[in-house]
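Letter by letter, the chains look like this.
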Amino acid sequence: MKLQEKFWLWGQSPNSHASHKVPPSRMTAMEGCAYFSIDRCCRVVMCSHPRPPFDQESIAMEPLKEVVWSIVGAGGTVENNDGKGDINEVLRQADLFDNITGGVLDDFFVTQERRDAFPPEALAELRRRLRASA
């Protein structure tokens, strides 16, 4: 395996770091993958973008070898702090697109609110659902 085949792009929506005093970027996750010749992307919801359904982005990322969508997005995303996250949408995307191979929990320990929203039993349920879909 070539070193390049081990890289993943941490992909977020364009300009999603604007509130963090980082220079703006208009590059999409897919454009970043193309620019760096990376064929794996960890696509993370940040600042509530994108919102489900994720179909358009998943279509754009079909050329990639693997895509992992966030089940729980960045700490600034509050829509998926219900103890379930975006798992329903990620599982739906995995049924539609063969290159969607997993999920990630982002900024999991950032706030007490986030920890309270995902107690051990909620995490066990996320794990159960992911394994059941494999």
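The structure displayed is predicted, hence computed values, not measured ones.

Sorry if this is basic, but what is going on with the pattern of salt bridges here?
When charged atoms on two side chains of opposite charge get close, those side chains can pair. Applying the stated rule across the entire model yields six salt bridges. One salt bridge in this structure joins R92 and E89, with 2.9 Å as the shortest N-O distance. You can see R92 and its partner E89 sitting in helix α3 (residues 87-96), three residues apart, about one turn around the helix. The salt bridge partner of E125 is R128, with a shortest N-O separation of 2.8 Å. Pair noted here: E125 and R128 are both in helix α5 (residues 120-133), with a separation of three residues, about one helical turn. The class of E125 is partly exposed, set by a relative accessible area of 35%.

I keep staring at the nonpolar core and nothing clicks. Help me out?
For soluble globular proteins, nonpolar side chains are generally found buried alongside one another. Grouped together as the largest cluster of nonpolar side chains are 22 residues, with contacts concentrated most on C41 and W69. Contributions of two or more residues to this core are made by α1 (29-36), β3 (66-72) and α3. Counting residues per element, this core draws most heavily on β3, at four residues. Once residues within four sequence positions are removed from consideration, C41 is found in contact with W8, L9, G11, A29, C33, M61, L64, E66, V67 and V68.

Quick question: what am I supposed to make of α1 here?
Residue pairs three or four apart in sequence face the same way in an α-helix, which turns once every 3.6 residues. Every buried residue of α1 is listed here: A29, G32 and C33. End-on view of α1: buried residues confined to an arc of 100 degrees, all on one side of the axis. Pointing more than 90 degrees away from the buried face of α1 are the exposed residues A34 and Y35. Looking one or two places after α1, you find S37, whose phi comes out positive at around 55 degrees.

Is there a simple way to explain the pairing of β3 in this structure?
Every other side chain in a regular strand lies on the same face of the sheet, so the side chains alternate between the two faces. Counting buried positions along β3 yields six of seven residues, so the element is predominantly enclosed. Handedness of the β-α-β unit built from strand β2 (residues 40-43), helix α2 (residues 55-60) and β3 comes out right-handed. Relative to strand β4 (residues 100-105), β3 runs parallel, the two being bridged by five bridges. Across the sheet, the residue bridging to V68 is G102, located in β4.

The rules behind the values
- Residues numbered from 1 in each chain as written.
- Predicted model: local features only at pLDDT ≥ 70, side-chain atom pairs only at ≥ 80, totals over all residues.
- Heavy atoms only, no water.
- Salt bridge = Lys/Arg side-chain N within 4 Å of Asp/Glu carboxyl O.
- Helix = DSSP H or I, 4+ residues; strand = E, 2+ residues; numbered from the N terminus.
- Buried < 20%, exposed > 50% of the residue type's maximum accessible area, 1.4 Å probe, protein only.
- Core = buried A, V, L, I, M, F, W, Y, C linked by side-chain atoms within 4.5 Å.
- Contact = heavy atoms within 4.5 Å.
- Arc of directions from axis to C-beta.
- Right-handed = clockwise from strand over helix to strand, strands pointing away.
- Pairing = 2+ DSSP bridges.

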